[in-house]
Amino acid sequence: MQKILMVCLGNICRSPLAEGIMLKLIKENNINMRVDSAGTSSFHIDEAPDHRTVLNAAKHNIDLKPLRARQFKASDFEKFDKIYVMDKSNLANVLALASSESHKEKVDLLLNASHPDQYLEVPDPYHRGEQGFEDVFHLVYKACQHITFA
Ligand code: 4NP
């Protein structure tokens, strides 16, 4: 079974959304995959996702309320087959904790799944309005579809 970890900065906006979307796609399509999410920072440990992300996801029939933030740790390199990060800053922070080439090879930008080799970032919606959250939803959803049906 493939195990995937979604990573952003706070683990309250982008990566829990990616986890929720993956959980829905995995369930609906009976895919043999496990997914979790984490943040590179300690800012929001044990918090529920941001209410704006929860509201936006709910509009798309995805319930993020039960999720809780946790911090990415080096042992995640052993537990997961693939680690998808949202932006280049997350990429640098995760790679800084890698202790081998095989760990580094597990890490990629999420949007490289839908836009191969383009190194596009999922923008942080934290300081943006409702449309920012909706834009992030569609970007993340498309990448998750590629991962699910790869
Ligand atoms: P996320 O968004 O990385 O997508 O969860 C953020 C949430 C909180 C903060 C930054 C980004 N923050 O600085 O508190």
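Relevant structure appears above.
Residues numbered from 1 in each chain as written. Predicted model: local features only at pLDDT ≥ 70, side-chain atom pairs only at ≥ 80, totals over all residues. Heavy atoms only, no water.

*Asks:* Help me understand the site of the ligand in this model?
*Replies:* Around the ligand, the neighbouring residues are Cys8, Leu9, Gly10, Asn11, Ile12, Cys13, Arg14, Phe43, His44, Asp124 and Tyr126. Measuring from an oxygen atom of the ligand, one finds a side-chain N or O atom of Arg14 at 2.8 Å. Here an oxygen atom of the ligand sits 3.3 Å away from a polar atom, N or O, in the side chain of Asp124. Against a free-state accessible area of 360 Å², the protein chains account for coverage of 88% of the ligand. Across the shell around the ligand, the residue classes tally to six nonpolar, three polar and two charged. (Near = heavy atom within 4 Å. Polar contact = N/O pair within 3.5 Å; in protein donor to acceptor, adjacent residues only side chain to side chain. Areas by Shrake-Rupley, 256 points an atom, 1.4 Å probe, with all protein chains shown as cover. Nonpolar A, V, L, I, M, F, W, Y, C, P; charged D, E, K, R; others polar.)

*Asks:* Please clarify how helix H2 (residues 51-59) should be interpreted in this entry.
*Replies:* Restricting attention to buried positions, one finds in H2 the residues Thr53, Val54, Asn56 and Ala57. All buried residues of H2 project into a common sector of 165 degrees when viewed along the axis, lining one side. Residues of H2 that are exposed and angled more than 90 degrees away from the buried face: His51, Leu55 and Lys59. The inward-facing, buried residues of H2 contact helix H1 (14-28) and helix H6 (130-148). With its phi angle positive at about 60 degrees, Asn61 sits one or two positions after the end of H2. (Buried < 20%, exposed > 50% of the residue type's maximum accessible area, 1.4 Å probe, protein only. Helix = DSSP H or I, 4+ residues; strand = E, 2+ residues; numbered from the N terminus. Arc of directions from axis to C-beta. Contact = heavy atoms within 4.5 Å.)

*Asks:* Explain the environment of Ala69 here, please?
*Replies:* Within the fold, Ala69 resides in the loop between H2 and helix H3 (76-79). Taking the C-alpha atoms as reference points, Ala69 and Pro16, separated by 53 residues in sequence, lie 8.0 Å from one another. If we skip the residues at most four places from it in the chain, Ala69 touches Gly10, Asn11, Ile12, His44, Ile45, Asp46 and Glu47.

*Asks:* Please clarify how the pattern of salt bridges should be interpreted in this entry.
*Replies:* Going through the model one piece at a time under the given rule, you end up with nine salt bridges. For the salt bridge of Arg70 with Asp36, the shortest nitrogen-to-oxygen distance reads 3.1 Å. Taken together, the positions of Arg70 in the loop between H2 and H3 and Asp36 in strand S2 (residues 33-39) put the pair 34 residues apart, joining distant regions of the chain. With a relative accessible area of 23%, Asp36 lands in the partly exposed category. (Salt bridge = Lys/Arg side-chain N within 4 Å of Asp/Glu carboxyl O.)

*Asks:* Would you take a moment to explain the side chain of Thr40 for this structure?
*Replies:* Note that Thr40 resides in the loop between S2 and H2. Owing to a relative accessible area of 16%, Thr40 belongs among the buried residues under this scheme. When near neighbours in sequence (up to four residues on either side) are disregarded, Thr40 contacts Val7, Cys8, Leu9, Gln71, Phe72, Asn90, Asn93 and Val94.

*Asks:* When you look at the nonpolar core in this model, what are you seeing that I'm missing?
*Replies:* Side chains of a nonpolar character, in soluble globular proteins, are inclined to be buried together. Core analysis: the biggest nonpolar cluster contains 27 residues, and Met6, Met22, Leu110 and Val140 have the highest contact counts within it. Looking at this core, the elements with two or more residues in it are strand S1 (2-8), H1, S2, H2 and H6. Residues Leu5, Val7, Ile83 and Val94 belong to the second largest nonpolar core, which totals 13 residues. (Core = buried A, V, L, I, M, F, W, Y, C linked by side-chain atoms within 4.5 Å.)

*Asks:* Can you walk me through the packing of aromatic side chains in this structure?
*Replies:* Where two aromatic rings form a pair, the distance of their centres and the angle of their planes describe that pair. Counted by the stated rule, this structure contains two aromatic pairs. Between Phe72 and Phe77 the ring centres are 5.3 Å apart and the planes differ by 85 degrees, which places this aromatic pair in the edge-to-face class. Just as Phe72 is buried, Phe77 falls in that class too. Judged by centre distance (5.6 Å) and plane angle (20 degrees), the rings of Phe137 and Tyr141 are stacked. Separated by four residues within a single helix, Phe137 and Tyr141 lie in helix H6, roughly one turn from each other. The lysine or arginine in question, Arg52, covers the ring of Tyr126, its NZ or CZ lying 5.2 Å from the ring centre. (Phe/Tyr/Trp six-rings, centres within 6.5 Å; stacked < 30°, edge-to-face > 60°. Lys NZ or Arg CZ within 6 Å of the ring centre and 35° of its normal.)

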